[in-house]
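Structural features, examined
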Amino acid sequence: MPLTIPREFKPFLHDSDNAITATDAHSLAYDARADGKFWAMDPFQWPQMYADAYTWSFTIPQREFHDPSTDLWYTWWLPAFSDDFEPLSPGHAFGKLKSTHRDHLFRLYEQANKCVGSYKLFRENKQDAVVGWVTSLRSVFQRFKETRAWQDIVMILAEFQRRFLEIWSMIDYLEIFEPRLKFEDRAQGVNKTWMGCFTKDSAIALRLHKAGVPVWLIRDVRLVDDKINIRQVIPFTPADLVFGMYLHPIKNFAQPFDIRYKGPSDHQRQAAVRQPYLTFEEIPIDQTEVNHFAASREPSSGKVPTKTMKNKSVVYEPTALRQNQSQVGRDKWSDMAHPFMPNINTFFASAMTHAEKDLSRIKPTHARMDEGYRLPNPGLFVNVLSSQSLKKYLANWLACCESSLRYVYMSPPSPLPRSQSWHDLLIMQPTTPQPSSSSGQMPSGKTGKSKAKLDLFFGDELLLLRQFWTGSQMLQWRGQKIEAAILENPPHRLIQQIIYEICEQSFQYDLLELDEHLAGHMWLDWEAKKRRMELLRGIFPQHALSMWDKDFSTWNDGLNAESFQDALPYFENFRQVLIAWDGAPQDLKQPFTESMPEGEKWQRMKQCALFYVQSFYNNTGHPPVVPHILYAGP
């Protein structure tokens, strides 16, 4: 069975071949991706942590062990708008799945019904939960017969597939797994067609393994001793995994599905994915807009059509709630699951999850540091509405990044620009000089004030952008010549490097500013400032708080180093900076040493990251930009 684990984690196979060890899973925001599934966090597509409330989930079947020519293959089928959808008329996003696909899905329902019917014959309790699941599956299937928005058809199909897999896995659990538990002294061969699960409990791992379940015992990679033989390091991401957001099939802009859950892999995640986006059994179908579309296709009777846009009705509420949410509501405490984003540093990923986010933690306005951003938020480059917007973001940033990086380091504006100001700068395409106000006063109106703010924050950058858009549109970045045209569909590695640079430089600038705010007593005279700057520079491999004029390292180093030995001196300097701040944990007063047990090093490094993240939030009211890893593991 091909196992996948995050790339910065390294699985180990015990000599007994019974278990693979890995670190715990990330606490990612949990929302459906472009195909309606839940990415690698989906309990119906990927192994999850063992949960007592959903014990049968490890018997979910895997696609690769089933014949693509059978109806069962529709359990994992992904529809395409252009090939599998019958719109009401060309250019409409309302319609139905083609009848051939509906027939295949109905035969899936019939197979589930037959399977449960056979199970009931030999079961004393006729009212097991799985019996009701078949009724729910039929209820979901009925929605395929109705005219609906393509976005909701994607979700209905995902819901149907998940419910079918639930039934299938429960029958295997009841008819195969449970009987095996009666013979715990007899080891069963591993059923490779089952999805399996992770667990931190060695007793559960042994019990499941004896019953033939693919099970992996989680152990932190940094705590694995030399006695364990490393057999294989396995990559996290298979080629066919869907990362992207749902895109409107005609207008091609992002319409992300609602976030359902954020937290560790446990029974709450299992419960979240089982709560449908659409409550099929309860929501009535409002046909107003569908009827309007249908009427527009009828032959004209000579009457002028009546416009009713003012009182326009939406087909059903869930779709309306998800419109135009690409910028609003994104969880800034977690990276978006996107191939453009470099992996987050493991220690800081844990800190972003465990930091206390209660508003009462935030200091009063007079006691906070500047709440603005020296550099744009990295999320701007992945949370975009179109390829044209992505091109503008990247081209504008590359055209002015060196000037901006130098400026905010040497003499940052006060106050710093807010996130919206960075968005306004990076989305613009200036071609002519903007008129200035001769009176020197702030222009009236929302648009005028916005332009005045941009001139105030980004005067030099605006000049560079106008020169770029009216010139050859050729960019230079870190020795590379880049044509603006390729930025509509740029190489993933290029964007990862750009975002990595922004993350690292933002962290360095923020750390300096936060230290000046919280440890002002360490900056009182020239000699003290010199010692403090030397300590801060020692946290970073280039021994500087600027990296725009430094080459990227060829491996992960500094706080991102892959071994305790390599990371230790940088974390020691980081610790020395942190202990001068108010509220520093007592444990951080003890220095890192080579002889310290690795488990203790691991915990103390996480504590350093958590104290930094918490301190930043307390003093700004928003989460920090934290270190990311440029080179993912094999």
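As a reminder, the structure under discussion sits directly above these lines.
What this report covers is the structure whose coordinates are included nearby. (Residues numbered from 1 in each chain as written. Predicted model: local features only at pLDDT ≥ 70, side-chain atom pairs only at ≥ 80, totals over all residues. Heavy atoms only, no water.)

**A short note on the nonpolar core**
Heads up, the rule is: Buried residues of nine kinds, namely Ala, Val, Leu, Ile, Met, Phe, Trp, Tyr and Cys, make up a nonpolar core once their side-chain atoms join them within 4.5 Å. Classification of residues uses two cut-offs on accessible area relative to the type maximum, computed with a 1.4 Å probe and protein chains only: under 20% is buried, over 50% is exposed, and between them is partly exposed. Under the DSSP-based scheme used, a helix requires at least four consecutive residues in state H or I and a strand at least two consecutive residues in state E, with every element numbered from the N terminus. Contacts between residues were defined by any pair of non-hydrogen atoms, one from each residue, lying within 4.5 Å.
One finds Phe58, Leu105, Val130, Phe144, Phe160, Phe177 and Leu208 to be the most contacted residues of the largest nonpolar core, which totals 57 residues. Counting only elements with at least two residues in this core, the list comes to helix 2 (99–121), helix 3 (129–142), helix 4 (150–180), helix 5 (202–210) and strand 9 (215–217). A total of 16 residues in this core trace back to one element, the largest contributor, which is helix 4. Leave out the neighbours within four places in its chain, and phenylalanine 144 touches Lys96, Leu97, Arg102, Leu105, Ile156, Leu157 and Phe160. By size, the runner-up hydrophobic cluster in this structure holds 48 residues, among which are Leu545, Phe574, Phe592 and Trp602.

**Brief notes about the pattern of salt bridges**
What counts is decided by this rule: Any carboxyl oxygen of Asp or Glu within 4 Å of a side-chain nitrogen of Lys or Arg constitutes a salt bridge here.
Applying the stated criterion across every chain, the model contains 14 salt bridges. Among the ionic pairs, aspartate 71 bridges to arginine 107, the shortest N-O distance being 2.9 Å. Residue aspartate 71 is found in the loop between strand 4 (48–49) and helix 1 (81–84), and its partner arginine 107 is found in helix 2; the two are separated by 36 residues along the sequence. For the salt bridge of glutamate 159 with arginine 162, the shortest nitrogen-to-oxygen distance reads 3.3 Å. With glutamate 159 and arginine 162 both in helix 4, this residue pair falls three residues apart, about one helical turn. Judged on exposure class, the residue glutamate 159 and its partner arginine 162 are both buried.

**Topic: the side chain of serine 421**
Position of serine 421 relative to the elements: it lies in helix 11 (residues 419–427). Judged by its relative accessible area of 9%, serine 421 falls in the buried class. Not counting the four nearest positions on each side in its chain, serine 421 is found in contact with Leu454, Phe457 and Phe458.

**Here's the deal with the sheet that holds strand 7 (residues 148–149)**
Using the following cut-off: Pairing between strands requires that DSSP locate at least two bridges from one strand to the other.
One open sheet holds the three strands; their spatial order is 5-6-7, and the pairing between them is antiparallel. Among the strands making up the open sheet, the edge pair consists of strand 5 (85–87) and strand 7. Here strand 6 (residues 94–97) runs beside strand 7; their pairing, made up of two bridges, is antiparallel. Residue pairing across strands places glycine 95 opposite arginine 148, the latter belonging to strand 7.

**As for unusual backbone geometry**
The phi angle at arginine 478 is positive, at roughly 50°, despite the residue not being glycine. By secondary structure assignment, the location of arginine 478 is in the loop between strand 12 (474–477) and strand 13 (480–483). Even without a glycine there, the phi angle at histidine 543 is positive, about 55°. Residue position: histidine 543 is located in the loop between helix 14 (526–537) and helix 15 (564–578).

**Remarks on the sheet that holds strand 9**
What counts here: Angles here are taken between N-to-C directions and fall from 0 to 180 degrees, while the axes themselves are lines fitted to C-alpha atoms, restricted in helices to the stretch in contact.
In spatial order, the strands read 4-8-9; together these three strands make up an open sheet with parallel pairing. Taken across any chain shown, the strands that pair with only one partner, and hence form the sheet edges, are strand 4 and strand 9. In terms of strand pairing, strand 8 (residues 197–199) meets strand 9 through three bridges, oriented parallel. Among the inter-strand pairings, phenylalanine 198 is bridged to a residue of strand 9, identified as tryptophan 216. Lying on the sheet, helix 5 is in contact with strand 8 and strand 9; it crosses strand 9 at an angle near 155°.

**Some words on the packing of helix 9 (residues 346–354) against helix 16 (residues 598–620)**
To keep it simple, the criterion reads: Between 65 and 115 degrees an angle is taken as roughly perpendicular, under 35 as roughly parallel, over 145 as roughly antiparallel, and anywhere else as oblique. Each crossing gets its handedness from the near helix: less than a right angle anticlockwise from the far helix is left-handed, clockwise is right-handed.
Running from N to C, helix 9 and helix 16 cross one another at 55°; their axes reach a closest spacing of 8 Å. For the element pair helix 9 / helix 16, the angle class is oblique. As helix 9 packs across helix 16, the resulting crossing turns out to be right-handed. Contact residues: Thr346, Phe347, Phe348, Ser350, Ala351, Met352 and His354 in helix 9; Trp602, Met605, Lys606, Ala609, Leu610, Tyr612 and Val613 in helix 16.

**So, the side chain of aspartate 515**
With respect to the secondary-structure elements, aspartate 515 resides in helix 13 (residues 492–518). According to the relative accessible area criterion, aspartate 515 is buried, its value standing at 0%. Once residues within four sequence positions are removed from consideration, aspartate 515 is found in contact with Gly520, Trp523, Arg532, Leu536, Val577 and Trp581.

Honestly, that's just the spatial picture; any functional story needs more than this.
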